[in-house]
Amino acid sequence: MTYVNVLQKKCMLELKNIKYTAWASEETNCYQASLYLDGKKIALVSNDGHGGCDNFYREEGVLPTVEAEIHEYFKTLPRIQFTNFAVDQDLETWCGDQVERYLSSKDLKRHIKKGSIIKDGDNVYTWKHHLTPQMIKKNHPDAIILNDLRFEEALDIFMEGNG
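Residues numbered from 1 in each chain as written. Predicted model: local features only at pLDDT ≥ 70, side-chain atom pairs only at ≥ 80, totals over all residues. Heavy atoms only, no water.

A. Broad picture of the state of the cysteines. In this structure the tally under the stated criterion is zero disulfides. Free of any disulfide, C30 has its nearest cysteine sulfur in C95, 15 Å distant. With relative accessibility at 14%, the residue C30 sits in the buried group. Note on C53: no disulfide assigned, nearest cysteine sulfur contributed by C95 at a separation of 12 Å. Overall, C53 belongs to the exposed group, its relative accessible area being 58%. (Disulfide = S-S within 2.5 Å. Buried < 20%, exposed > 50% of the residue type's maximum accessible area, 1.4 Å probe, protein only.)

B. Layout of the pattern of salt bridges. Taken as a whole, this structure holds nine salt bridges when the rule is applied. A salt bridge links K41 to E59; the nearest nitrogen and oxygen atoms lie 3.7 Å apart. Here E59 lies in the loop between β5 (55–58) and α1 (64–75) and K41 lies in strand β4 (residues 40–47), a separation of 18 residues in the sequence. K41 sits in the partly exposed class, given a relative accessible area of 29%. (Salt bridge = Lys/Arg side-chain N within 4 Å of Asp/Glu carboxyl O. Helix = DSSP H or I, 4+ residues; strand = E, 2+ residues; numbered from the N terminus.)

C. View of the side chain of S46. Structurally, the position occupied by S46 is in strand β4. Its relative accessible area of 12% is what places S46 among the buried residues. Residues in contact with S46, not counting those within four places in the same chain, are Y31, Q32, D54, N55 and Y57. (Contact = heavy atoms within 4.5 Å.)

Taken by themselves, the reported measurements are silent on function.
So, in structure tokens, the structure goes:
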């Protein structure tokens, strides 16, 4: 969830009901989701997974000015810096990040349920069974045990290690 300034007020932006299709994801994630602003569905967002742009279909009754102000908000944010280049933030990039977070969340939940998962330095390690913290710390004294953290905190660390 993200807070954006729309119509001169702070609003909550969320991507919900994400449906992802791995087999159709070639160059981009193939997905469909609902875009919500302050708890109200304002658009259907999708991508065919073939490297093209996201499709935005406004819900009936949602004014184009709402979508335009969301786009304007993203223009006020700093550029996303990569090693050799930078890109502007926009609604499409944000939606892509939300889909990645959703997929990582599912992956992390599966790892936590099945066994232990840690981050040690730049590496993420998983085991197919649960280990005690003492067993983990014996070989990985500086490791962060993701199973022991709040889920959102563990997810941030997990995504950092898998990005």
